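The chain contents come next:
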Amino acid sequence: IKELFLNFKDLQSERLLLRKITGKDIPDIFEIYSNREVMLYFDDRYAFEDMAEAEQMVSDYENAMQDQNGMRWGIALKDDGKLIGTCGFHALSDYHKRIEIGYDLNRDYWGKGIMTEALPLIIDYAFEKSEVNRIEAFVEPPNTASGALHEKLGFSMEGILREHEMCRGKLTDIQLFSLLRKEW
């Protein structure tokens, strides 16, 4: 897993630049995470109400990189540089050779194929730069768009973890998706 951090770099596609998240991204992070629809399935968090929450999120992303327990790229549009989302890995297990993928996107960019373009870049990165064998994704069943995205990218839905996570004060089922190196 350490190879992921040692080799961290910008990634590019036709429309997107995936890059390190910095303090200058705080206003864009706030714009993303202050939307209730974006935050509906984002762990057990509510929409941001204060810019300080965005500052803390950027600090959390920077600390995770420094501590090598999570990595996140900012998703920026090449044409104007605006940060419109983030994606990356957490729940890293060197021993088990697995990581968990996560992402979010500014509501204004939903349905435009952004994640279909961005996530293969980081999946390629993980499989090329490390010995990771398995990438996992945890999805709340009502989040059908996220489930469909994983299936489109070749992930398999392994099952439902019943009442697996506390989300907004209620135990919630979670779908477990995975992608193995040999399937990519």
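The notes below deal with the structure included here. Keep in mind the model is a prediction, meaning the values are calculated, not measured.

**Some points on the pattern of salt bridges**
And then number 1: If you walk through the whole model with that rule in mind, you get nine salt bridges.
And then number 2: Of the charged contacts, one joins arginine 15 and glutamate 117 as a salt bridge, the two residues approaching to 2.7 Å between their closest N and O atoms. On the criterion of sequence distance, the pair formed by arginine 15 in the loop between strand E1 (11-12) and strand E2 (16-20) and glutamate 117 in helix H5 (residues 114-129) is long-range, its members being 102 residues apart.
And then number 3: Residue aspartate 25 is joined to arginine 19 by a salt bridge in which the shortest nitrogen-to-oxygen separation is 2.7 Å.
And then number 4: Connected via shared salt-bridge partners are Asp28, Glu31 and Lys82.

**Considerations on the layout of surface pockets**
In this approach, a probe sized like a water molecule rolls over the atoms, and the result shows the empty space that is left.
And then number 1: Of the volumes computed, that of the largest pocket is approximately 1,200 Å³.
And then number 2: Along its surface, the largest pocket is lined by 47 residues, and Tyr41, Phe42, Gly102, Tyr103 and Asp104 are the ones closest to its centre.
And then number 3: Grouping the amino acids of the lining of the largest pocket by side-chain chemistry returns 24 nonpolar, twelve polar and eleven charged.

**Considerations on the sheet that holds strand E5 (residues 98-105)**
And then number 1: With respect to topology, eight strands assemble into an open sheet ordered E1-E2-E3-E4-E5-E6-E8-E7, the strand pairing being mixed. Whereas interior strands pair on both sides, the edge strands pair on one side only; in this sheet they are E1 and strand E7 (156-167).
And then number 2: Here helix H4 (residues 51-67) sits on the sheet in contact with strand E3 (70-77), strand E4 (83-93) and E5, set at roughly 130° to E3.
And then number 3: Where H5 meets the sheet, its contacts fall on E1, E2, E3, E4, E5, strand E6 (134-139) and strand E8 (170-180), and the angle it forms with E5 comes to roughly 155°.

Conventions used here
Residues numbered from 1 in each chain as written. Predicted model: local features only at pLDDT ≥ 70, side-chain atom pairs only at ≥ 80, totals over all residues. Heavy atoms only, no water. Salt bridge = Lys/Arg side-chain N within 4 Å of Asp/Glu carboxyl O. Helix = DSSP H or I, 4+ residues; strand = E, 2+ residues; numbered from the N terminus. 1 Å grid on protein atoms, 1.4 Å probe; cavity = no way out; pocket = protein on both sides within 12 Å on 5 of 7 lines; lining within 4 Å. Points joined across faces, edges and corners; volume = space filled by probe spheres on them. Nonpolar A, V, L, I, M, F, W, Y, C, P; charged D, E, K, R; others polar. Pairing = 2+ DSSP bridges. Contact = heavy atoms within 4.5 Å. Axes fitted to C-alpha atoms, helices over the stretch in contact; angles between N-to-C directions.

Limitation: the analysis is restricted to geometry and does not speak to function.
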